[in-house]
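Okay, here's what each chain looks like letter by letter:
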Amino acid sequence: MAAVADRPRPGDPLDPDAAISIRGLVRRYGDFTAVDGLDLDIRRGEIFALLGPNGAGKTTTVEICEGYRARDAGEVRVLGEDPADGARAWKAQLGIVLQSGSGDSQLTVRELLRAQASYYADPRDVDEVIALVGLTEKAGVRGRSLSGGQRRRLDVALGIVGRPTLLFLDEPTTGFDPEARRQFWSLIRSLRDLGTTMLLTTHYLDEAEALADRVGVIARGRLVEVAVPSALGGRESAPATVSWTEDGTRRTEATPTPTAFVADLAARFPGEVPDLAVSRPTLEDVYLQMIGDR
Ligand code: ATP
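Residues numbered from 1 in each chain as written. Predicted model: local features only at pLDDT ≥ 70, side-chain atom pairs only at ≥ 80, totals over all residues. Heavy atoms only, no water.

What about unusual backbone geometry?
Even without a glycine there, the phi angle at Leu-79 is positive, about 50°. With respect to the secondary-structure elements, Leu-79 resides in the loop between β4 (73-78) and α2 (88-91). Among the residues examined, Leu-79 registers a relative accessible area of 10% and is labelled buried. Backbone geometry places Asp-247, a non-glycine residue, at a positive phi of 50°. Take Asp-247: it is sitting in the loop between β10 (240-246) and β11 (249-255). (Helix = DSSP H or I, 4+ residues; strand = E, 2+ residues; numbered from the N terminus. Buried < 20%, exposed > 50% of the residue type's maximum accessible area, 1.4 Å probe, protein only.)

This is the structure:
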């Protein structure tokens with residue numbers, strides 16, 4: 001991928017090549033400013049995770065991009081069009097997995113997907129999609145009889161059956177068990193391999209780290225930082241923590257040069273350094289620090 005600045009500056013022109021290009025976005029609810037001057041480009045083919053505490057403005061931003069909410073100021077282009085006047089052909093290129101989900105239905109999984117597929121010119125094969133989300137055994141079961149995690153998979157299936165170019169996933173794995181989450185991650189990766197661009201919101205930092213090419217942290221309606229997950233908050237160059245056990249006591253040392261430190265340590269011990277561990281700040285560490293500072 002070409003080296004591109006991680007985020008546009010206020011006043012930069014919209015990026016015509018981006019899947020989503022946002023400049024100076026503002027949304028108010030009465031006196032309250034929920035989105036307060038947001039500039040962001042999401043590249044075609046990437047998985048972008050929007051992170052932020054409850055009420056930060058993620059859903060508002062995402063729904064403006066989907067064409068479901070109006071904005072008060074700023075410019076937005078999604079797949080080259082302004083979502084405020086997105087036509088039917090434009091909408092057909094989007095896949096949307098909402099937070100609220102599909103809920104109760106008397107229809108079966110297969111019936112629901114067939115109905116959804118019928119809205120699109122070139123839908124995916126319904127049974128292939130059911131297999132992709134791991135619901136083959138439940139294809140003939142009514143939506144209302146599915147477990148919470150299975151319903152979420154159904155939501156994802158409904159979002160991708162139209163073969164979207166751009167998929168919005170709002171907290172997609174809430175309620176998944178750990179195994180289902182891993183399966184979901186591999187589904188998302190296979191969609192990326194098929195060329196789908198994805199905008200994901202999640203409160204699971206491990207999910208963002210596992211899936212996202214880039215993450216953006218939003219707090220109080222403003223974008224705090226955009227970076228690859230390994231570099232967020234200067235993580236990759238932060239001091240490492242080395243810990244080990246010596247004379248029956250757990251020892252911990254923060255160091256900017258862990259390799260040299262461990263080499264010295266190794267020279268002091270005849271064999272293995274007992275309980276040796278080297279760690280850097282996790283994505284969660286830097287994220288909590290970042291939003292705590294706001
Ligand atoms: P969460 O992680 O809880 O889903 P979020 O980052 O998606 O949060 P938004 O749903 O975008 O946050 O809400 C941003 C702010 O705007 C919140 O303070 C919320 O109360 C407020 N807000 C959202 N929708 C409305 C509305 N229709 N009327 C008034 N205020 C609203």
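Here we look at the packing of helix α3 (residues 109-117) against helix α5 (residues 148-160)
Direction vectors running N to C along α3 and α5 enclose 25°, while the axes themselves pass 9 Å from each other. Classified by the angle between their axes, α3 and α5 sit roughly parallel to one another. As α3 runs across α5, the sense of the crossing is right-handed. On α5, the residues that touch Val-109, Leu-112, Leu-113 and Gln-116 of α3 are Leu-154, Ala-157 and Leu-158. (Axes fitted to C-alpha atoms, helices over the stretch in contact; angles between N-to-C directions. Parallel < 35°, antiparallel > 145°, perpendicular 65-115°, else oblique. Left-handed = near helix turned anticlockwise from the far one by under 90°. Contact = heavy atoms within 4.5 Å.)

Some remarks on the site of the ligand
As a structural note, the neighbourhood of the ligand is formed by 15 residues, with Asn-54, Gly-55, Lys-58, Thr-59 and Thr-60 the closest of them. At 3.2 Å from a nitrogen atom of the ligand is found a side-chain nitrogen or oxygen belonging to Arg-69. Between His-203 and the ligand, the recorded distance is 3.0 Å, taken from a side-chain N or O atom to an oxygen atom. When the free accessible area of the ligand is taken as 640 Å², the share hidden by the protein chains comes to 63%. Counting residues per element, the ones that place at least two in the shell around the ligand are β2 (32-42) and α1 (58-66). If one sorts the elements of the shell around the ligand by residue count, α1 sits on top with three residues. Classifying every residue of the shell around the ligand by side-chain character gives five nonpolar, seven polar and three charged. (Near = heavy atom within 4 Å. Polar contact = N/O pair within 3.5 Å; in protein donor to acceptor, adjacent residues only side chain to side chain. Areas by Shrake-Rupley, 256 points an atom, 1.4 Å probe, with all protein chains shown as cover. Nonpolar A, V, L, I, M, F, W, Y, C, P; charged D, E, K, R; others polar.)

Here we look at the side chain of Asp-155
If you trace the backbone, Asp-155 turns up in helix α5. Take Asp-155: its relative accessible area is 7%, and that puts it in the buried class. A distance of 2.6 Å separates the side chain of Asp-155 from the side chain of Arg-152, its partner in a polar contact.

With respect to the packing of α5 against helix α6 (residues 178-193)
Where α5 meets α6, the closest approach of the two axes is 12 Å, and the angle between their N-to-C directions is 10°. Taken together, α5 and α6 sit at an angle that is classed as roughly parallel. For the pair α5 and α6, contact is made by Arg-153, Val-156 and Ile-160 and by Ala-180, Gln-183, Phe-184, Leu-187 and Leu-191, respectively. Classifying every residue of the contact of α5 with α6 gives six nonpolar, one polar and one charged.

Remarks on the domain arrangement of the chain
Domain boundaries assigned for the chain yield domain 1 (3-234) and domain 2 (238-284). A separation of 40 Å is found between the C-alpha centroids of domain 1 and domain 2. (Domains from an automatic or database assignment.)

What about the environment of Pro-123?
Considering the arrangement of structural elements, one finds Pro-123 in the loop between α3 and α4 (126-132). With near-sequence residues (within four places) excluded, Pro-123 lies in contact with Ala-117, Val-161, Gly-162 and Arg-163.

Looking at the sheet that holds strand β1 (residues 20-29)
What the three strands build is an open sheet, ordered β2-β1-β4; its pairing is antiparallel. Each of the sheet's edge strands pairs with one partner strand only, and the pair in question is β2 and β4. The mean inter-strand angle of the sheet, taken between neighbouring strand axes irrespective of direction, is 25°. One ladder, built from eight bridges, connects β1 with β2; its direction is antiparallel. Its bridge partner lying in β2, Arg-27 is registered against Val-35. The sheet contacts of α1 involve β1, β2 and β4, and relative to β1 the element is tilted by about 120°. (Pairing = 2+ DSSP bridges.)

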